[in-house]
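Coordinate inspection notes
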Amino acid sequence: MNIAADSCFIGQGPDMLDRFNSASAWERADAQWPNHEQRTLICARVSNETHDVRTFVFHTQDGQLFSFEPGQFITVSAEIDGKEVSRCYTISSPPTRPYTLSITVKRTPGGVMSNWLHENMKAGLALKAFGPSGVFTPSSGPAAKSLYLSAGSGVTPLMSMTRAALDLGPNRDIVFIHSARTPEDIIFRKELSTLCGLSDPLRVIHICEALGNEPDWSGPVGRLNLDLLKELVPDFRDREVFICGPGGYMDASRKMLLEGGHDPARYHQESFNFAETVECAEEPASTTADQTERTERSEHTGYTVRLARSGREFTMDGTQTVLVAARKAGVPLPSSCSQGICGTCKTKVLEGSVDMKHNGGIRPREIEKGMRLMCCSRPTSDLVLDL
Ligand code: FES
């Protein structure tokens, strides 16, 4: 794989060291980074978490602070083998340490971005990224007592929440149950154990499916089930649950909690499994009703879409999403999930109207301001976009 042209070696330089020693640098509060704005991040360091998981720590090119809610994600982009590839990764660092931002990435077989990051990203290299987004955050369910459930690399948003909670004080009542394949696959194992030593109410429990190379593992073996949950966390019904992991794990856990009498209103899961995201935007899955509507719309062909800032223009019919039509016209727009979930393709419609069917990637107040998600919006008139 080729290192992207935009990932040239920049070097850490003396700037960050100067800022570290400068009293005024600590007073900065200009930390806004909108999720539709792409910025350049500089890799500060890379560390191994397990045999196939690495943490990549970044700072901004201009020394601006990061601002985000624990649990949010960023969308990183790189040119890999001549193609622009975008991928969402949850932030593993806490917002309480705003000078750097970390993503923790598991190398997946065939994963274009994860393999590229593992093979190429190192201190001094640049990476482009869209600003933080996502609603899987503690503010979606404020509570005095939490239960964090994660499996595999789903640990990352919950790690950001745990680090932030402890940075703000040692008294948050959190039970964190993480499931891994084997003990050597446990991400952040050492740090979580250290954090437990710093906070009495924090309890971390690891469950492994198999012993792997650690036959003397003394923790629970197998999968989380209701009997085990009742034994480990007798007051689980009183806790706000936050869960992140593979789709099958989240489905099974949700069922288990319901069966155990946990209030579903106090259940929050990462709405999308980013690890399984397709890397090129395709048409979102459609229903028969959608198809009928599109057939009717296809009678009106030739909508013009004009990008106000770049001055580019293309035509499309009403059956395709703006994102797909733009791509076909050779006008790449920012995108990641292409399912109306991540918010990366959020764009202001300056003129005209679209029919949007999203999956939570945009907030009502953003819609009121004229923003739309291009990956799940089809034109119903000519359009002028703020791009
Ligand atoms: Fe994720 Fe459009 S690309 S919401």
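These notes cover the structure that comes with them. Throughout, residues of each chain are indexed from 1 in the direction in which the sequence is written. Residue-level local features of this predicted model are given only where pLDDT is at least 70; pairs of side-chain atoms are given and counted only at 80 or more, and the full residue set underlies all totals for whole chains, interfaces and linings. The side-chain quantities take in all heavy atoms of the structure and omit both hydrogens and water.

Comments concerning the overall build of the chain
Short version of the rule: Under the DSSP-based scheme used, a helix requires at least four consecutive residues in state H or I and a strand at least two consecutive residues in state E, with every element numbered from the N terminus. The contact criterion used throughout is that any non-hydrogen atoms of two residues lie within 4.5 Å.
Along the chain, the regular secondary structure elements total nine helices and 18 strands. The long-range share in the chain, meaning contacts at least 24 apart out of those at least 6 apart in sequence, stands at 70%.

Considerations on the sheet that holds strand E13 (residues 313-316)
Keep this limit in mind: In short, DSSP must find at least two bridges between two strands for them to pair. Think of each axis as a best-fit line through the C-alpha atoms, taken over the contacting stretch in the case of a helix, with angles from 0 to 180 degrees between the N-to-C directions.
Pairing in this open sheet of five strands is mixed, and the strands run E13-E12-E18-E14-E16 from one edge to the other. Each end of this open sheet is capped by a strand with a single partner; those strands are E13 and strand E16 (371-373). On average, each strand axis in the sheet is tilted by 35 degrees relative to the strand beside it, whichever way the strands run.

Let's talk about the nonpolar core
As a reminder of what qualifies: Note on terminology: a nonpolar core comprises buried Ala, Val, Leu, Ile, Met, Phe, Trp, Tyr and Cys residues joined through side-chain atoms within 4.5 Å. In this scheme, a residue with accessible area under 20% of its type's maximum is buried, one over 50% is exposed, and one in between is partly exposed, where area comes from a 1.4 Å probe on protein chains only.
Grouped together as the largest cluster of nonpolar side chains are 24 residues, with contacts concentrated most on Ile-74, Ile-103, Met-113, Leu-117 and Met-121. Those elements that place two or more of their residues in this core are strand E1 (38-50), strand E2 (53-60), strand E3 (73-80), strand E4 (83-90), strand E5 (101-106), helix H2 (112-120) and strand E6 (126-133). Looking at this core, the element that brings in the most residues is E3, giving four residues. Apart from the residues lying within four places of it in its own chain, the contact partners of Ile-103 are Arg-54, Thr-55, Phe-56, Phe-58, Ile-74, Val-76, Tyr-89, Thr-90, Ser-92 and Leu-117. Counting 23 residues, the second-largest nonpolar core is a separate cluster that includes Leu-307, Val-349, Val-354 and Cys-376.

Considering the pattern of salt bridges
To be explicit about the condition: Should a side-chain nitrogen of Lys or Arg be within 4 Å of a carboxyl oxygen of Asp or Glu, the pair is scored as a salt bridge.
Tallied over the full model, the rule gives 14 salt bridges. For Asp-167, the salt bridge is made with Arg-97, and the minimal N-O distance between the two is 2.7 Å. Taken together, the residues span a long stretch of sequence, with Asp-167 in helix H3 (residues 155-167) and Arg-97 in the loop between E4 and E5 at a distance of 70 residues. With its nearest N and O atoms 2.7 Å apart, the salt bridge here joins Glu-214 to Arg-189. Highlighted residues: Glu-214 in the loop between strand E9 (203-208) and helix H5 (226-232) and Arg-189 in helix H4 (residues 189-198), separated in sequence by 25 residues. For Arg-189, a relative accessible area of 29% translates into the label partly exposed. The network of salt bridges with shared partners includes Lys-145, Asp-173, Asp-235 and Arg-239.

As for the packing of aromatic side chains
For clarity, the cut-off: What counts as a ring pair is set by centres within 6.5 Å for rings of Phe, Tyr and Trp (its six-membered ring), and what kind of pair is set by the plane angle: stacked under 30 degrees, edge-to-face over 60, tilted for all other angles.
Counted according to the given criterion, the structure contains four aromatic pairs. Taken together, a centroid distance of 5.8 Å and an interplanar angle of 80 degrees make the contact between Tyr-148 and Phe-176 edge-to-face. In this pair, Tyr-148 is assigned in strand E7 (residues 145-151) and Phe-176 in strand E8 (residues 173-180), connecting sequence segments 28 residues apart. Ring geometry for Tyr-148 versus Phe-242: centroids 6.0 Å apart, planes at 90 degrees, classification edge-to-face. Residue Tyr-148 is found in strand E7, and its partner Phe-242 is found in strand E10 (residues 240-244); the two are separated by 94 residues along the sequence.

Looking at the pairing of strand E14 (residues 346-351)
Sheet topology places E14 next to E16; three bridges connect them, and they run antiparallel. In the strand pairing of E16, Lys-346 is matched with Leu-373. In this structure, E14 lies alongside strand E18 (residues 383-385), joined through two bridges in antiparallel fashion. Paired with Val-349 across the two strands is Leu-385, which belongs to E18.

Remarks on a positive patch on the surface
Put simply, the rule reads: Candidate patch residues must exceed 30% relative accessible area and have no salt bridge, after which like charges are joined if within 9 Å and Val, Leu, Ile, Met, Phe, Trp or Tyr side chains if within 5 Å. Working definition of accessibility: Shrake-Rupley area with a 1.4 Å probe, residue cover restricted to the visible protein chains. Positive: Lys, Arg. Negative: Asp, Glu. His and the chain ends are not part of the count. Working definition for charges: the position is that of NZ of Lys, CZ of Arg, CG of Asp or CD of Glu.
On the surface, a cluster of positive charge is contributed by Lys-348, Arg-363, Arg-365 and Lys-369. With respect to the helices and strands, Lys-348 occurs in strand E14.

Focus on the sheet that holds E9
Taken together, the five strands give an open sheet; going across it, the order is E9-E8-E7-E10-E11, and neighbouring strands pair in parallel fashion. Pairing within the sheet leaves two strands with one partner each, and these edge strands are E9 and strand E11 (267-269). Across the sheet, the axes of successive neighbouring strands diverge by a mean angle of 15 degrees, strand direction being ignored. With six bridges connecting them, E8 and E9 associate as parallel partners.

Focus on unusual backbone geometry
At Asp-81, a residue that is not glycine, the phi angle is positive and equals roughly 50 degrees. Examined against the element boundaries, Asp-81 turns out to sit in the loop between E3 and E4. With a relative accessible area of 47%, Asp-81 lands in the partly exposed category. Of note, the phi angle at Phe-188 is positive, near 60 degrees, even though the residue is not glycine. Within the fold, Phe-188 resides in the loop between E8 and H4. Since its relative accessible area comes to 3%, Phe-188 is described here as buried.

Points about the environment of Ile-42
Within the fold, Ile-42 resides in strand E1. Note: C-alpha distance between Ile-42 and Lys-122 (80 residues apart in sequence) is 9.2 Å.

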